Amino acid sequence: MIIRRYDPFDVFDRMSAELEDWFDLAGSSATSDILGLYEGDWSPKLDVFENDDAYFVKIDIPGIEQKDLQLSVSNNVLTLKGKREQKSHEDEGKKKGNRYQREERFYGTFQRTLPFPMPVDSENISANLKDGVLYVTLPKREETKPKKITVNVK
Amino acid sequence: MAERKELEKKKSSEVAASEEAIERFIRPRTSVYEYDDSVKIIMDIPGVNKDNLDISYKQGELMVVGRREKWNRDDMKPCYSERFDGHYRRVFSVDETLDARKIDANLSQGVLELTIPKTEAVKPRKIEIKSG
């Protein structure tokens with residue numbers, strides 16, 4: 001028997017965590033199937049930024065090796081495929097019966113497709129994997145970059 | 001299970017009061033596995049490197065704080081966002097059956113693995129029977 005401090009606000013923390021999980025679920029299975037945007041067991045989260053020259057995509061893919069990643073661009077659509085393996089010691093814990101106490105992390109395959117509204121220069125895309133985050137830079141094509149037109153007023 | 005080890009998330013009230021007002025935190029996704037001689041906590045903290053990770057233990061509370069560096073420059077404007085842009089924090093209560101002074105931490109590819117050995121008293125022991 002362990003005596004723990006009673007925190008009357010703990011229930012709110014748990015509630016917000018539950019809600020957060022709900023939203024995560026909404027992104028991973030139910031809605032994704034309808035939209036057909038991504039397939040797989042889970043769905044990594046991403047952010048997109050842009051400036052005048054390029055799009056910048058940042059994708060959270062913790063624990064994924066470079067060899068398990070596949071990145072491609074065709075018809076202005078970026079596709080990221082990958083797989084997160086469940087490590088052997090994790091399996092081991094499960095095999096021993098009720099030995100794991102908590103499992104919130106996702107495993108298995110994932111796929112994300114991301115269309116861009118403006119043509120990207122598919123020859124010059126760069127990607128960099130660091131600390132479990134994949135950074136992709138997609139330069140915009142010359143003709144789509146904003147141009148400054150000077151108007152001469154007579 | 002009545003004897004379940006209490007490793008549940010718990011919020012440290014002093015942290016909540018001092019830090020939460022200025023910084024936004026999220027709870028990283030975590031798996032907890034129990035072995036005969038230890039407990040393993042595995043957390044997904046993408047974007048955190050060794051220098052921005054802070055693991056501390058105080059009065060039965062194990063706190064992990066990971067900070068993410070801002071990546072986007074000022075000239076980049078966000079056009080689509082799913083990720084919560086904050087830091088990671090999670091607090092576990094560690095009872096006396098675990099030896100928190102011998103925590104082993106390993107960070108690789110945004111995944112943090114904490115191994116906490118059990119104290120000798122609770123490790124399974126084989127008892128030899130003497131005949132004679």
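Residues numbered from 1 in each chain as written. Chains lettered and ligands numbered in written order. Predicted model: local features only at pLDDT ≥ 70, side-chain atom pairs only at ≥ 80, totals over all residues.

Bringing the overall build of chain B into the picture now. The helix and strand inventory of chain B stands at one helix and nine strands. Overall, chain B shows an N-to-C arrangement of helices and strands of α-β-β-β-β-β-β-β-β-β. Looking at chain B as a whole, 24% of its 132 residues are labelled buried. Restricting to contacts in chain B with at least 6 residues of sequence separation, those with at least 24 account for 62%. (Helix = DSSP H or I, 4+ residues; strand = E, 2+ residues; numbered from the N terminus. Buried ≥ 20, exposed ≤ 12 C-beta atoms within 10 Å, placed from the backbone. Contact = placed C-beta atoms within 7 Å.)

Below, the discussion takes up the pairing of strand E4 (residues 77–84) of chain A. The side chains of a regular strand alternate between both faces of the sheet. Residue and element names in this part refer to chain A. Covered by surrounding structure in E4 are Leu78, Leu80, Gly82 and Arg84 only, the residues Val77, Thr79, Lys81 and Lys83 on the alternate face being uncovered. Two strands pair when backbone bridges link them, and strand E3 (residues 69–74) and E4 are joined in this way by six bridges, in the antiparallel orientation. Counterpart to Leu69 in the pairing with E4 is Gly82. Here E3 hands over to E4 after two residues, with Asn75 in that stretch at a positive phi of 50 degrees. With eight bridges joining them, E4 and strand E6 (residues 108–115) adopt antiparallel strand pairing. Bridge assignment links Lys83 to a residue of E6, and that residue is Thr109. (Pairing = 2+ DSSP bridges.)

What follows concerns the nonpolar core. Residue and element names in this part refer to chain B. In this structure, Val39, Ile41, Met43, Ile45, Val94, Leu112 and Ile116 are the most contacted members of the largest nonpolar core, which totals 19 residues. The set of elements that each furnish at least two residues to this core consists of strand E2 (30–34), strand E3 (38–44), strand E5 (61–66), strand E7 (87–93) and strand E9 (111–117). If we ignore the near neighbours within four places in the chain, the residues touching Met43 are Pro28, Thr30, Val64, Arg90 and Leu112. (Core = buried A, V, L, I, M, F, W, Y, C linked by C-beta atoms within 7 Å.)

Next up on the list: the sheet that holds strand E2 (residues 54–60) of chain A. Ordered in space as E7(A)-E8(A)-E2(A)-E1(A)-E6(B), the five strands form an open sheet in which the pairing is antiparallel. On the outer flanks of this sheet lie strand E7 (126–130) of chain A together with strand E6 (77–81) of chain B, each paired with one strand and no other. With strand direction ignored, the average angle separating the axes of adjacent strands in the sheet is 20 degrees. Pairing geometry for strand E1 (residues 46–50) of chain A and E2 of chain A, over five bridges, is antiparallel. Its bridge partner lying in E2 of chain A, Asp47 of chain A is registered against Lys58 of chain A. (Axes fitted to C-alpha atoms, helices over the stretch in contact; angles between N-to-C directions.)

Time to look at the pairing of E5 of chain B. Residues and elements named next belong to chain B. Judged from the six bridges that link them, strand E4 (residues 53–58) and E5 form a sheet pairing that is antiparallel. Each residue of the ladder has a partner; that of Ser56, found in E5, is Met63. Linkage of E4 to E5, two consecutive antiparallel strands, is achieved through a turn of two residues, within which Gln59 is found at a positive phi near 45 degrees. Relative to E7, E5 runs antiparallel, the two being bridged by six bridges. In the strand pairing of E7, Gly66 is matched with Tyr88.

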